[in-house]
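Examination of the molecular architecture
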Amino acid sequence: MPTTLMEVVALLSRLLHILASMAAVGGPMFVLLALSPAMRGLADRDRATLQDAIRRRWSKVVMAAILFLTLTGLYNFFAFRAASGHWGEVWQSGSANSKLYNMLFGVKFLLALAIFFVASALSGRSAGLAKFRENAKTWLTVQLVLAVLVVAIAGQMRFMHVGPNGPPVANPSTANIEAR
């Protein structure tokens, strides 16, 4: 249970990040696996009307998810970095773990930007990005594959600073050996 204001902020940041991630991944997954196949039986006019109504509502969710993921992601990265005393080797300047963690963060951030672009293109109304919406199934699939990669990278990053079984460890590279 959080006891300080900073712990409450960190908890809220993590919660918002996870909720925004759920929307960013769950929405496209629902559309790809359930909504699109179900809409195939609709008349073209009805399908277009439904798609436009969904797009108008979903675009607001996409914008909010992008905002929350960006703000909370950067907050978490810098707040955790400031807590370097708890992470030992992960944050020792120039250590292999520090370089790997920073590289993973960079890759995760770039993949997130690609996801944000695809999500914006699919939920937007720009004529210049209409080709994305015309090939929505392909781009939803790309978005979901990128999201799975981001989740896998996030899992590895989390493992690097909490170790395999819980609280922060002084030396993540030897935590597996010591836990055995």
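Residues numbered from 1 in each chain as written. Predicted model: local features only at pLDDT ≥ 70, side-chain atom pairs only at ≥ 80, totals over all residues. Heavy atoms only, no water.

**Brief notes about the overall build of the chain**
- When helices and strands are tallied, the chain shows 6 helices and 0 strands.
- When the helices and strands of the chain are listed from N to C terminus, the series reads α-α-α-α-α-α.
- By residue count, 31% of the 180 residues in the chain fall in the buried class.
- At a minimum sequence separation of 6, the contacts of the chain that also span at least 24 residues come to 65%.
- Accessible area for the chain stands at about 11200 Å²; split by element, carbon and sulfur atoms hold 69% of it. (Helix = DSSP H or I, 4+ residues; strand = E, 2+ residues; numbered from the N terminus. Buried < 20%, exposed > 50% of the residue type's maximum accessible area, 1.4 Å probe, protein only. Contact = heavy atoms within 4.5 Å. Areas by Shrake-Rupley, 256 points an atom, 1.4 Å probe, with all protein chains shown as cover.)

**Thoughts on helix α1 (residues 5-39)**
- For α1, with 35 residues, the first-to-last C-alpha span of 47 Å sits near the 51 Å given by 1.5 Å per residue.
- The largest bend in α1 comes to about 45°, at V31.
- By the burial criterion, the buried members of α1 are S13, H17, A20, G27, P28, L32, L35 and M39. (Expected span 1.5 Å × (residues − 1). Bend = angle between axes of the 7 residues up to and from the residue.)

**Details of the side chain of S13**
- On the secondary structure map, S13 appears in helix α1.
- Excluding anything up to four places from it in sequence, S13 contacts T72, Y75 and N76.

**Considering the confidence of the model for the chain**
- Per-chain confidence: the chain averages 83 in pLDDT, with 80% of residues scoring 70 or above.
- Taken element by element, the chain is modelled with least confidence in helix α6 (residues 172-179), mean pLDDT 42, and with most confidence in helix α4 (residues 130-134), mean pLDDT 93.
- Segment residues 169-180: pLDDT under 50, and 22 contacts once partners within four positions in sequence are set aside and those in other chains are kept. (pLDDT = per-residue confidence, 0-100.)

**Thoughts on the pattern of salt bridges**
- Following the criterion strictly, the structure yields 4 salt bridges and no others.
- Note that D44 and R47 form a salt bridge whose closest N and O atoms lie 3.1 Å from each other. Of this pair, D44 and R47 both sit in helix α2 (residues 44-82), 3 residues apart, which is roughly one turn of the helix.
- Taking relative accessible area as the criterion, D44 reaches 58% and is therefore assigned exposed.
- The partner of D52 in a salt bridge is R55, and the shortest N-O contact between them spans 3.3 Å. One end of the pair, D52, and the other, R55, are both in helix α2, 3 residues apart, so they sit about a helical turn from each other.
- On the basis of relative accessible area, D52 is assigned to the partly exposed category, the value being 33%. (Salt bridge = Lys/Arg side-chain N within 4 Å of Asp/Glu carboxyl O.)

**Digging into the packing of aromatic side chains**
- If you walk through the whole model with that rule in mind, you get 3 aromatic pairs.
- Taking 6.0 Å as the distance between ring centres and 25° as the angle between the ring planes, the aromatic pair formed by F105 and F109 counts as stacked. Pair noted here: F105 and F109 are both in helix α3 (residues 96-123), with a separation of 4 residues, about one helical turn.
- Residue class for F105 comes out buried when judged on its relative accessible area of 17%.
- Relative accessible area serves as the criterion here: at 31%, F109 is assigned to the partly exposed category.
- Taking 4.5 Å as the distance between ring centres and 45° as the angle between the ring planes, the aromatic pair formed by F132 and W139 counts as tilted. (Phe/Tyr/Trp six-rings, centres within 6.5 Å; stacked < 30°, edge-to-face > 60°.)

**Focus: the environment of W58**
- Among the secondary structure elements, W58 is positioned in helix α2.
- On the basis of relative accessible area, W58 is assigned to the partly exposed category, the value being 29%.
- Taking the C-alpha atoms as reference points, W58 and L122, 64 residues apart in sequence, are found 9.7 Å from one another.
- Beyond its immediate stretch of four places on either side in the chain, W58 contacts A23, G27, P28 and S123.

**Remarks on the side chain of T72**
- Relative to the helices and strands, T72 resides in helix α2.
- What makes T72 buried here is its relative accessible area of 6%.
- Every residue in contact with T72, bar those within four places of it in the chain, is listed here: S13, L16 and H17.

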